[in-house]
Amino acid sequence: GGGRYDMDNLFDGIASNFAIGLVYMSLGVLGIVVNMGTVIMIVMNRVYRLSAYTLMANIALADSVILFITGVACGWSFVERDDSFRIATNATLLFPFEEHEGPRYVLSALHVSAWMAALLSYALLGLNRCIAIRYYGTRAKALNRMPVAISGSLATWAIGMIIALTGTFPSALMGIRQDMFTWSFLEFNHKRSLWFFIALLTLNLLAISGQWICSILVLLKIRYVKKKISRNKLNQNSANRFRKQAKLTFQFFYPSLLCTLSSVVLFSKPFLFDHGLLNRTILIILHVIWLVNHTCNPFIYAYFNDRMRLTYGQLMTCSQLRYEISKRRVSHTFTQGRHTSRRSNGQKANRMSTRSTRGGTTRDGNFVRNSLQMQSRDFEQLCEFMMRVNPFYDSSEGWRESSDEEEEDRPMSRELSVRAERYTR
């Protein structure tokens, strides 16, 4: 009886760890797909080549790396954990990577560098939104430019990699804690591990404080401008432009809130676990919440940004690929039709020559009518494109009340106006 009971517990332990690993891996793969889709969307579309979107792409890239480690790698370690001795003793180490030092160092370095890159990018994005809403009419607007955003993104990875190297060599200070069902700090016994923890905590506090200071300033400005709009003290163009900026700001605000909660959980979990305040179920729930925090950013972007939601839909439905396939089919059909018509040209040449004298006037009229229809259709498409682009109100670099100053930054709108005038002629 006792042996059968032990075997049942062993089977339940294996099934439970397999299920936990499968959940972790599923969330990790989902997060990687949506975040990398965000990176590809921002990089491939010129309309997103602005400072705020560049920082969003950097955050999405960092989240993808974090999800690969905390989702796929952690999940795989639990799926592979089928040894009865390890299940019975609830061993901690870095199985299945403990026999191989290389993966341990690589995973630890990647996680710390991506974690710091994401956190510092949130701080830069908070500064970007604060300048865009409050200080865009000043010299600070020079910081909301693409070269600055790209340089800042590269700097976040450089800083993260330096910190990661100090916390990885000669021994990794972070890794998979199977006793905690998560990725966390391994120990605090040595002075090096304690200093590493303090350094990470300090940088997190500085980055999160910067996020919240910028967020509070922006929220106060939004409240002030909303009062002006409700009292009709702001012209319609400026009000529409401000609403666009406010929506883009909330795209940053809610992920920043989730980032703060994720950092608090990551730093507090080891101490709560050592004092026996977290059981197995709570540990698994906290890790799942951590994975969801890094997965949900693209969904928040799609909720607040109509253009991003449309682009996400185009990516999921492969509309560009289907368009290219249909265009090739049409061109192939047209080419075949030309070859067929050439064969019959010799037979119809005499009949066409006799009809040309009688139907010349009708053919000229049809040509003029078709040309006018084509020009009208092109003009309608141009108008639709102008409404989609909406350059007057949909810039993520910043907002100003003065409509005269805004006209200086609208070369695209003037170009579209020239094109529209050309078509009307």
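In this numbering scheme, every chain counts its residues from 1 along its sequence in written order. The model is predicted, so local features are restricted to residues of pLDDT at least 70 and side-chain atom pairs to those at 80 or more, both for listing and for counting; the totals for chains, interfaces and linings are taken over all residues. Hydrogens and water molecules were not included; the side-chain quantities draw on all heavy atoms of the structure.

Draft legend 1. Up close: the packing of helix α9 (residues 297-304) against helix α10 (residues 306-317). Note on geometry: axes are C-alpha line fits, over the in-contact stretch for helices, and angles between N-to-C directions span 0 to 180 degrees. Helix and strand assignments follow DSSP, with helices taken as H or I runs no shorter than four residues and strands as E runs no shorter than two, numbered in order from the N terminus. Packing of α9 against α10 leaves a shortest axis separation of 5 Å and a crossing angle of 120 degrees. It follows from the interaxial angle that α9 and α10 lie oblique. Across the interface between the two elements, P298, Y301, A302, Y303 and F304 of α9 pack against D306, M308, R309 and Y312 of α10. Each residue is assigned to one class: nonpolar for Ala, Val, Leu, Ile, Met, Phe, Trp, Tyr, Cys and Pro, charged for Asp, Glu, Lys and Arg, and polar for all the others, Gly among them. A breakdown of the residues in the contact of α9 with α10 according to their chemical character gives seven nonpolar, no polar and two charged. For classification purposes, angles smaller than 35 degrees are called roughly parallel, those larger than 145 roughly antiparallel, those between 65 and 115 roughly perpendicular, and all remaining angles oblique. Throughout, a contact is declared for two residues whenever any of their heavy atoms are within 4.5 Å.

Draft legend 2. Just the packing of aromatic side chains, in detail. A pair of aromatic rings is counted whenever rings of Phe, Tyr or Trp (Trp by its six-membered ring) have centres within 6.5 Å, and the orientation is called stacked for planes under 30 degrees apart, edge-to-face for over 60 and tilted otherwise. Inspection of every chain in the model, using the stated rule, returns eleven aromatic pairs. Here the aromatic rings of Y24 and F78 are separated by 5.9 Å at their centres, their planes lie at 85 degrees, and the arrangement is edge-to-face. Residue Y24 is located in helix α1 (residues 2-44), and its partner F78 is located in helix α2 (residues 51-79); the two are separated by 54 residues in the primary sequence. The burial state of Y24 is the same as that of F78; both residues are buried. Arranged with centres 5.4 Å apart and planes meeting at 45 degrees, the rings of W115 and F267 form a pair that is tilted. Within this pair, whereas W115 is found in helix α4 (residues 101-134), its partner F267 is found in helix α7 (residues 236-274), the two being separated by 152 residues in sequence. Exposure is judged per residue with a 1.4 Å probe applied to protein chains only, and the accessible area is read against the type maximum: over 50% gives exposed, under 20% gives buried, and values in between give partly exposed.

Draft legend 3. Seen up close, the layout of surface pockets. Points on a 1 Å grid over protein atoms alone make up a cavity when a 1.4 Å probe fits among them but cannot get out, and a pocket when they form an open set with protein on both sides within 12 Å along at least five of seven lines; lining residues each have an atom within 4 Å of a point. Grid points are joined across faces, edges and corners, and a volume is the space filled by probe spheres set on the points. What the second largest pocket holds in volume is close to 350 Å³. Lining the second largest pocket are I40, M41, M44, N45, T311, Q314, L315, C318, S319, Q320, L321 and Y323. For the lining of the second largest pocket, the leading source of residues is helix α11 (residues 319-358), giving four residues. Taken together, the residues of the lining of the second largest pocket break down into seven nonpolar, five polar and no charged.

Draft legend 4. Local environment of the environment of Q245. Along the chain, Q245 falls in helix α7. On the accessibility criterion, Q245 (0% relative accessible area) is buried. When the C-alpha positions of Q245 and I222 are compared, they lie 9.5 Å apart, and in sequence the two are 23 residues distant.

Draft legend 5. Representation of the pairing of strand β1 (residues 174-177) in the model. Strand pairing is assigned whenever DSSP detects at least two bridges linking the two strands. Bridging between β1 and strand β2 (residues 182-185) involves four bridges; their strand directions are antiparallel. Note that in β2 the partner of I176 across the bridge is W183. Hairpin geometry of β1 and β2 is characterised by an intervening segment of four residues between the two adjacent antiparallel strands and by a positive phi of about 55 degrees at F181.

Draft legend 6. Structural context of the confidence of the model for the chain. The predictor's confidence in any single residue is recorded as pLDDT, a number from 0 to 100. A residue-level look at the chain finds 69% of positions with pLDDT of 70 or above and a mean pLDDT of 75. The lowest-confidence element of the chain is helix α13 (residues 403-406), averaging 40 in pLDDT; the highest-confidence one is helix α5 (residues 146-166), averaging 93. Low pLDDT, under 50, characterises residues 83-99; the stretch is placed with 40 contacts to residues that sit more than four places away or in other chains. The low-confidence segment residues 402-416 (pLDDT under 50) makes 16 contacts with residues lying over four places distant or belonging to another chain.

Draft legend 7. Summary view of empty space enclosed by the protein. Applying the stated criterion across every chain yields a total of four cavities of 30 Å³ or more. In this structure, the largest cavity spans a volume of roughly 100 Å³. For the largest cavity, the lining is made up of 13 residues, of which D63, Y122, C259, S262 and H294 are closest to its centre. Breaking the lining of the largest cavity down by element, the ones donating at least two residues are α4, α7 and α8 (280-295). A per-element tally of the lining of the largest cavity places α7 first, with five residues.

Draft legend 8. Representation of the UniProt feature "transmembrane region" (unreviewed entry) in the chain in the model. UniProt positions are given in the numbering used here, feature names are shortened, and annotations may be inferred rather than shown by experiment. Within the UniProt annotation, "transmembrane region" (unreviewed entry) is assigned to residues 20-43, 55-79, 105-127, 148-174, 194-220, 252-272 and 284-304. Split by type, residues 105-127 is 100% helix and 0% strand. Its first and last C-alpha atoms lie 33 Å apart. When the span residues 148-174 is considered, its composition is 70% helix and 4% strand, and the gap between its end C-alpha atoms is 32 Å.

Draft legend 9. Fine view of the pattern of salt bridges. By convention in these notes, a salt bridge is any Lys or Arg side-chain nitrogen within 4 Å of a carboxyl oxygen on Asp or Glu. The tally for this structure, following the rule as stated, stands at two salt bridges. Note that R177 and D179 form a salt bridge whose closest N and O atoms lie 3.0 Å from each other. The exposure class assigned to R177 is buried, which follows from its relative accessible area of 11%. Using a relative accessible area of 10% as the deciding quantity, one classes D179 as buried.

Draft legend 10. Here's a closer look at the environment of Y135. Tracing the backbone shows Y135 in the loop between α4 and α5. The exposure class assigned to Y135 is partly exposed, which follows from its relative accessible area of 35%. As a C-alpha pair, Y135 and G398 span 263 residues in sequence and 8.5 Å in three-dimensional space. For Y135, the residues in contact, after removing those within four places along its chain, are C130, A140, K141 and L217.

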